[in-house]
Amino acid sequence: MTMHIGIAGAGLLGRLLAWRLASAGHRVAVYDPAAGPGGVLRSRAGDSYQPTAAGFTAAGMLSPLAELDTVEPAVAALGWPSIELWQRIAAALPGAPFVAARGSLMVAHRGDEGAARRVLDRLQAATATAEWRALSPAEGVQTLEPAALRALEPAVQGPAQAWLLPGEGQIDTGAMMAALHGAATGAQWHWGQSVQTVDAGALTLADGRVLAFDAAIDVRGAGSRPQMPVRGVRGEVITLHAPGHGLQRAVRLLHPRHAVYIVPRPGDLVLVGASEIESEDRGPASLRSVVELLAAAHSVAPALAEARILGLDVNLRPALPDNNPRTDHAPGLLRINGLYRHGWLLAPALVDQALRENGWASSGIA
């Protein structure tokens, strides 16, 4: 049965849902306060900056094993079907946005063995559980000897210790956001339209208009307050242009104060990030964060010394009180929120699951 479905939010979840539902033949209308689909980043907007979807700012690491350090096994394990889904989604979209599953690395400098050991112990304990073994198709963390590290990732030269996380991946978030929007040709996109509340079969806009639908979907992230107890958690990311950097995989540096990630992208780009601050401040990146992140990145991959800084960007990750994702179903209503730092890792699996449970689209990629 063809339905008329209203979606509040045109971030990652909103675009995935719009593409899937429109491809399944439903009438879809998407409402978002952004001025347009492009997602203008803070570093390129100047004084005209308006908040953009968190999906544009994320580094796009697909790391079920690494995320066991912060979430329960049942949540992290959803990343495995998501990696497979992302590869199928990319193949189905025009331009085939970059998705790779070459594994990722964790590394540590000499003197930081204690911090690294604590992380590894948590990962090993989680992967040893029957719950994880039942859900995960991949092997656990593998120690890399120096010669093996040099052979696998020659650009990583500074750390004294390294571990391979097989099966993990990465995705070009900006390219995927653009491709999903472009491919959802059957959807109507209403930009500059803020949704105040989402209820069964209805979206109420900020101007007071109430729009009726057969079903309504709330994927507004931090904008879903007060209907959901969501908060924003500040994150900062740096985009570098580094021709010849040589990195093939995402790398996490284990450090006593923070875990820095370094993620290669097509076009000689490298993203560096990791800051996680309990604040809803969307102001520019701080000097301390920038210095710490860039120093850490250079210590892992010395070839980044001559990289040029293209952007220092900030956004808010939507998090619920338990930091776990949440999907709520009711007749004529679907809410998905709380993807926190796991948005790109979990989104395809959560969307696929929600659509199947509601009977709104067939299983798999439309």
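Note: the structure precedes this text.
Residues numbered from 1 in each chain as written. Predicted model: local features only at pLDDT ≥ 70, side-chain atom pairs only at ≥ 80, totals over all residues. Heavy atoms only, no water.

Things to note about the overall build of the protein chain
Selection rule: The secondary structure listing takes helices from DSSP runs of H or I that are at least 4 residues long and strands from runs of E that are at least 2 residues long, numbered from the N terminus. To get the radius of gyration, use the C-alpha atoms; to get the globule rule, take the number of residues to the power 0.38 and multiply by 2.2 Å. Between buried and exposed lies partly exposed: a residue is buried under 20% and exposed over 50% of the maximum accessible area for its type, with that area taken using a 1.4 Å probe on protein chains only. Any two residues whose heavy atoms approach within 4.5 Å are treated as being in contact. Here, Shrake-Rupley sampling with a 1.4 Å probe gives the accessible areas, and only protein chains in the shown set may cover a residue.
Broken down by element type, the protein chain carries ten helices and 20 strands. Relative to the 2.2 N^0.38 estimate, which gives 21 Å for 366 residues, the radius of gyration of the protein chain is 20 Å and therefore close to what a compact globule would have. Reported as C-alpha extents along the three principal axes, the dimensions of the protein chain are approximately 60 × 50 × 40 Å. Sorting the 366 residues of the protein chain into buried and exposed places 55% on the buried side. Long-range pairs, those at least 24 residues apart, make up 75% of the contacts in the protein chain with a sequence separation of at least 6. Put simply, the protein chain shows about 14,900 Å² of open surface, and 52% of that area lies on carbon and sulfur atoms.

Concerning the sheet that holds strand β18 (residues 308-319)
In a beta sheet, neighbouring strands pair by backbone hydrogen bonds and run either parallel or antiparallel. Put simply, the rule is: Any two strands are treated as partners once DSSP identifies two or more bridges connecting them. To get an axis, a line is fitted to the C-alpha atoms, and for a helix only the part in contact is used. The angle between two axes follows their N-to-C directions and goes from 0 to 180 degrees.
Taken in spatial order, the eight strands line up as β6-β7-β5-β15-β16-β17-β14-β18 in an open sheet, and their pairing is mixed. In this open sheet, the two edge strands, each paired with only one partner strand, are β6 (142-144) and β18. Taken pair by pair, the neighbouring strands of this sheet meet at an average axis angle of 25 degrees, ignoring direction. Strand direction decides the pairing type here: strand β16 (residues 259-265) and strand β17 (residues 269-273), joined by five bridges, are antiparallel. Bridging from a neighbouring strand, Ile 262 pairs with Val 272 of β17. Taken strand by strand, helix α5 (residues 113-127) contacts β5 (104-108), β7 (161-165) and β15 (251-254), and its axis lies near 140 degrees from that of β5.

So, the sheet that holds strand β10 (residues 195-199)
Read from one edge to the other, the open sheet built from three strands follows the order β10-β11-β12, with strand pairing classed as antiparallel. Since the sheet does not close on itself, it has two edges, and those belong to β10 and β12 (210-212), each with one partner. Taking each pair of neighbouring strands and ignoring which way they run, the sheet shows an average axis angle of 20 degrees. Relative to β12, strand β11 (residues 202-205) is paired through three bridges, and the arrangement is antiparallel. The residue bridging Ala 202 from the neighbouring strand is Ala 212, located in β12.

A few points about the pattern of salt bridges
The cut-off we apply is this: Every case where a carboxyl oxygen of Asp or Glu lies within 4 Å of a side-chain nitrogen of Lys or Arg is listed as a salt bridge.
For the structure on display, the rule yields 18 salt bridges. In this structure, Asp 352 and Arg 20 form a salt bridge, with 3.2 Å as the shortest nitrogen-oxygen distance. You can see Asp 352 sitting in helix α10 (residues 343-358) and its partner Arg 20 sitting in helix α1 (residues 12-23), a full 332 residues away along the chain. Here Arg 20 falls in the buried class, since its relative accessible area comes to 3%. Linking Arg 335 and Asp 218 is a salt bridge whose minimum nitrogen-to-oxygen distance equals 3.0 Å. Taken together, the residues span a long stretch of sequence, with Arg 335 in strand β20 (residues 333-337) and Asp 218 in strand β13 (residues 215-218) at a distance of 117 residues.

Looking at unusual backbone geometry
Along the chain, Arg 225 connects to Pro 226 via a cis peptide bond; the corresponding omega equals 0 degrees. Following the sequence through the fold, Pro 226 ends up in the loop between β13 and β14 (231-241). Even without being glycine, Asn 323 reaches a positive phi, approximately 65 degrees. In this structure, Asn 323 sits in the loop between β18 and β19 (326-330). A relative accessible area of 23% means that Asn 323 is categorised as partly exposed. Despite not being glycine, Tyr 340 has its phi angle at roughly 50 degrees, a positive value. Structurally, the position occupied by Tyr 340 is in the loop between β20 and α10.

Digging into the packing of aromatic side chains
Where two aromatic rings form a pair, the distance of their centres and the angle of their planes describe that pair. Note the cut-off: Working definition: a ring pair exists when centres of Phe, Tyr or Trp rings (six-membered ring for Trp) sit within 6.5 Å. Plane angles under 30 degrees give stacked, over 60 give edge-to-face, the rest tilted.
Scanning the entire structure with this criterion turns up four aromatic pairs. Each ring, one from Trp 189 and one from Trp 191, has its centre 5.8 Å from the other, and the planes form 5 degrees; the classification is stacked.

Remarks on the nonpolar core
Burial of nonpolar side chains together is a common tendency in soluble globular proteins. What counts here: Each nonpolar core is a collection of buried residues, namely Ala, Val, Leu, Ile, Met, Phe, Trp, Tyr and Cys, held together in the definition by side-chain atoms within 4.5 Å.
Membership of the largest hydrophobic core comes to 66 residues, with the highest contact counts inside it found for Ile 7, Leu 21, Trp 86, Met 176, Ile 217 and Trp 360. The residues contacting Trp 360, other than those within four sequence positions of it, are Met 3, Ile 5, Leu 21, Ala 24, His 26, Ala 215, Ile 217, Leu 334 and Leu 355. One finds Leu 144, Leu 253, Val 260 and Ala 296 within the second-largest nonpolar core, a separate group that totals 34 residues.

Describing α1
Cut-off, in case you're wondering: Helix span, expected: 1.5 Å multiplied by one less than the number of residues in the helix.
For α1, which comprises twelve residues, the first-to-last C-alpha distance of 17 Å matches the rise-based estimate of 16 Å (1.5 Å per residue) to within 8%. Of all twelve residues making up α1, eleven are buried, and the element is well covered by its neighbours. Along α1, the residues that are buried comprise Leu 12, Leu 13, Gly 14, Arg 15, Leu 16, Leu 17, Ala 18, Trp 19, Arg 20, Leu 21 and Ala 22. Positioned one or two residues after α1, Gly 25 has a phi angle of 100 degrees, which is positive.

From the geometry alone we can't say anything about function, so treat these as descriptive.
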